[in-house]
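So you can see what is in the structure, the chains are spelled out below.
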Amino acid sequence: MCFWPLLAGLGLLSIHERAAAGRQAEEPLVDSVRSALSSAIANHAPPVPEFSDTESRLVYLRWLGAMGDRLRKKKPDWNVRREFLQTLWYESRRAGLDPTLVLGLVQVESNFRKFAVSSVGARGYMQVMPFWTRVLGDGDAGKLFHMQTNLRFGCVILRHYLDRERGDLFLALGRYNGSRGKAPYPNAVFGASRHWQG
């Protein structure tokens, strides 16, 4: 008798498919910070890269090709891959983050699954907690399954934590995960990021 279908039916084979994170803590924000974060979220600029010179555009296109090849197993359709990478690159850069770091974070958080939901209710690619939509947006947590919205919220939140931790990426990543000061999560993101370098 084969137990694989039974185990799969009970969800016992999908443990590795669950989302890993999302214990961002809801903390009080001073009005100026809430206003700045809300403004960053509300800017509906389309994720279309703009370049000041040809060399910058070529660097981006080489990055897009290399990352597209690496992401092929997770997102087989080129158009879906391209749109995801273009949006991630745009939102990362917009928030002043390294796209390589954000790719590593997405890998650890959701394994590139748009509709991932963690055991604590965090949603989407970057496992954003629903309370953020109430604090910074219109309260519609369903929007966290929209690719650009999720990546924008995630990048803005990580940037906020990085600013709070005075540039200490280790502590900022811990805060993003709700495990500030503990090594496993930041180390996992740093490790995953190495796969996306160069």
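Here, every reference points to the structure presented above.
Worth saying up front: this structure is predicted, and the values here are computed from it rather than measured.

How each quantity is defined
- Numbers given for residues are sequential positions, taken from 1 along each chain in its written order.
- In keeping with the predicted nature of the model, local features appear solely for residues at pLDDT of at least 70, side-chain atom pairs appear and are counted solely at 80 or more, and the whole-chain, interface and lining totals rest on all residues.
- Excluding hydrogens and water, the side-chain figures rest on all heavy atoms present in the structure.
- Aromatic contacts are taken between Phe, Tyr and Trp rings whose centres are within 6.5 Å, Trp giving its six-membered ring; a plane angle under 30 degrees counts as stacked, one over 60 as edge-to-face, and the others as tilted.
- Here a helix means four or more residues in a row that DSSP labels H or I, a strand means two or more in a row labelled E, and each is numbered from the N terminus.
- Buried, partly exposed and exposed residues are distinguished by accessible area as a fraction of the type maximum, computed with a 1.4 Å probe on protein chains only: under 20%, between the cut-offs, and over 50%, respectively.
- Definition used: whenever NZ (Lys) or CZ (Arg) falls within 6 Å of the ring centre and also within 35 degrees of the ring normal, the charge is taken to sit over that ring.
- Multiplying one less than the number of residues by 1.5 Å gives the expected span of a helix.
- What the arc measures is the spread of directions leading from the helix axis to the C-beta atoms.
- Only heavy atoms enter the contact rule, under which two residues are in contact if any of them lie within 4.5 Å.
- Side-chain atoms within 4.5 Å are what join buried Ala, Val, Leu, Ile, Met, Phe, Trp, Tyr and Cys residues into a set we call a nonpolar core.
- Definition used for salt bridges: Asp or Glu carboxyl oxygen within 4 Å of a side-chain nitrogen of Lys or Arg.

A. Structural view of the packing of aromatic side chains. Inspection of the entire model under this criterion finds 11 aromatic pairs. With 5.8 Å between their ring centres and 40° between their planes, Phe51 and Trp89 make a pair best called tilted. Residue Phe51 is located in the loop between α2 (31-42) and α3 (54-71), and its partner Trp89 is located in helix α4 (residues 78-94); the two are separated by 38 residues in the primary sequence. Taking relative accessible area as the criterion, Phe51 reaches 22% and is therefore assigned partly exposed. In this structure Trp89 comes out as buried when scored by relative accessible area, which is 11%. Ring geometry for Phe112 and Trp196: centres 5.4 Å apart, planes at 65°, overall edge-to-face. Of this pair, Phe112 sits in the loop between α5 (99-110) and α6 (131-136) while Trp196 sits in the segment after α9 (184-195); the two residues are 84 residues apart in sequence, bridging distant segments of the chain. Here the two residues Phe112 and Trp196 agree in accessibility, since each one is buried. When the ring centre of Phe84 is taken as reference, the NZ or CZ atom of Lys75 above it lies at 5.3 Å.

B. Quick peek at α9. The end-to-end C-alpha distance of α9 is 17 Å, a good match for the 16 Å that 12 residues give at a rise of 1.5 Å each. Within α9, the full set of buried residues consists of Tyr185, Pro186, Val189, Ala192 and Ser193. Taken end-on, α9 shows its buried residues confined to a sector of 130°, consistent with a single buried face. Residues of α9 that are exposed and angled more than 90 degrees away from the buried face: Pro184 and Arg194. Looking at the packing, one finds that the buried side of α9 touches α5 and α8 (169-177).

C. View of the nonpolar core. Of all hydrophobic cores here, the largest spans 41 residues; its most connected members are Phe84, Leu103, Val106, Met126, Trp132 and Tyr176. Breaking this core down by element, the ones donating at least two residues are α3, α4, α5, α6, α7 (147-164), α8 and α9. In terms of residues, this core owes the most to one element, α7, which gives eight residues. With residues near it in sequence (within four places) discarded, Leu103 still touches Trp63, Met67, Phe84, Leu85, Leu88, Phe112 and Trp196.

D. Expanded view of the pattern of salt bridges. One pass over the structure, following the stated rule, counts eight salt bridges. Across the pair Asp69 and Arg72 runs a salt bridge, and its minimum N-O distance is 3.3 Å. Judged by relative accessible area, which is 44%, Arg72 ranks as partly exposed. Glu165 is the salt-bridge partner of Arg175, the closest N and O atoms lying 2.8 Å from each other. Separated by 10 residues along the polypeptide, Arg175 in helix α8 and Glu165 in the loop between α7 and α8 bring together distant segments of the chain. Both residues of the pair, Arg175 and Glu165, belong to the buried class. Three or more residues are tied together by salt bridges with common partners; here these are Glu91, Arg94 and Arg152.

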